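# Notes for the structure review
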Amino acid sequence: QVQLVESGGGLVQPGGSLRLSCAASGSISRINAMGWYRQAPGKQRELVAIITSGGSTNYADSVKDKFTISRDNAKMMVYLQMNSLKPEDTAVYFCYARRLDYNYWGQGTQVTVSS
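A brief structural summary. Just so we're clear, the structure is a prediction, and the values are computed from it rather than from any experiment.

What counts as what
Residues numbered from 1 in each chain as written. Predicted model: local features only at pLDDT ≥ 70, side-chain atom pairs only at ≥ 80, totals over all residues. Heavy atoms only, no water. Helix = DSSP H or I, 4+ residues; strand = E, 2+ residues; numbered from the N terminus. Contact = heavy atoms within 4.5 Å. Buried < 20%, exposed > 50% of the residue type's maximum accessible area, 1.4 Å probe, protein only. Core = buried A, V, L, I, M, F, W, Y, C linked by side-chain atoms within 4.5 Å.

This part is about the environment of Ile-50. Considering the arrangement of structural elements, one finds Ile-50 in strand S5 (residues 46–52). Counting along the chain gives 48 residues from Ile-50 to Arg-98, while the straight-line C-alpha distance between them is 10 Å. Setting aside anything within four residues of it in sequence, one finds Ile-50 in contact with Ala-33, Met-34, Gly-35, Tyr-37, Ser-56, Thr-57, Asn-58, Ile-69 and Tyr-96.

This is the structure in structure tokens:
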């Protein structure tokens, strides 16, 4: 089993930046990929960014050139640097991990972009 805990969410003004962190614990060996999803009220959960154990990344078109995903494999941490934030980025952001073809989710951290 893998446990995921997010941190770093909060309230920021439009145009601001925020850095999210996710710590994995438990059976952390053989994690194939980690990343971030988000869900706004009344909307479906959507992919934000994924990074594989080999370093490949994939971003949603809406966040390309604004967000950057990174990882620390030794500590099994994943980060999401969010720049140029807009109100439409407001959502609960969930950490995600895949291990041995199973999916794991954190409980989410709230990001609110508002003036």
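Next comes the rest of the description.
Turning our eyes to something else, we now look at the side chain of Asp-89. Checked against the element boundaries, Asp-89 lands in the loop between strand S8 (77–82) and strand S9 (91–99). When its relative accessible area of 2% is taken as the criterion, Asp-89 is described as buried. Here Asp-89 is in contact with Arg-38, Lys-66, Phe-67, Ser-84, Val-111 and Val-113, once residues within four sequence places are set aside.

Moving on to the nonpolar core. By size, the foremost hydrophobic cluster in this structure holds 30 residues, and its most contacted members are Leu-4, Met-34, Trp-36, Leu-80, Met-82 and Tyr-93. Taken together, the elements giving at least two residues each to this core come down to strand S1 (2–7), strand S3 (18–26), strand S4 (31–39), S5, strand S7 (67–72), S8, S9 and strand S11 (109–113).

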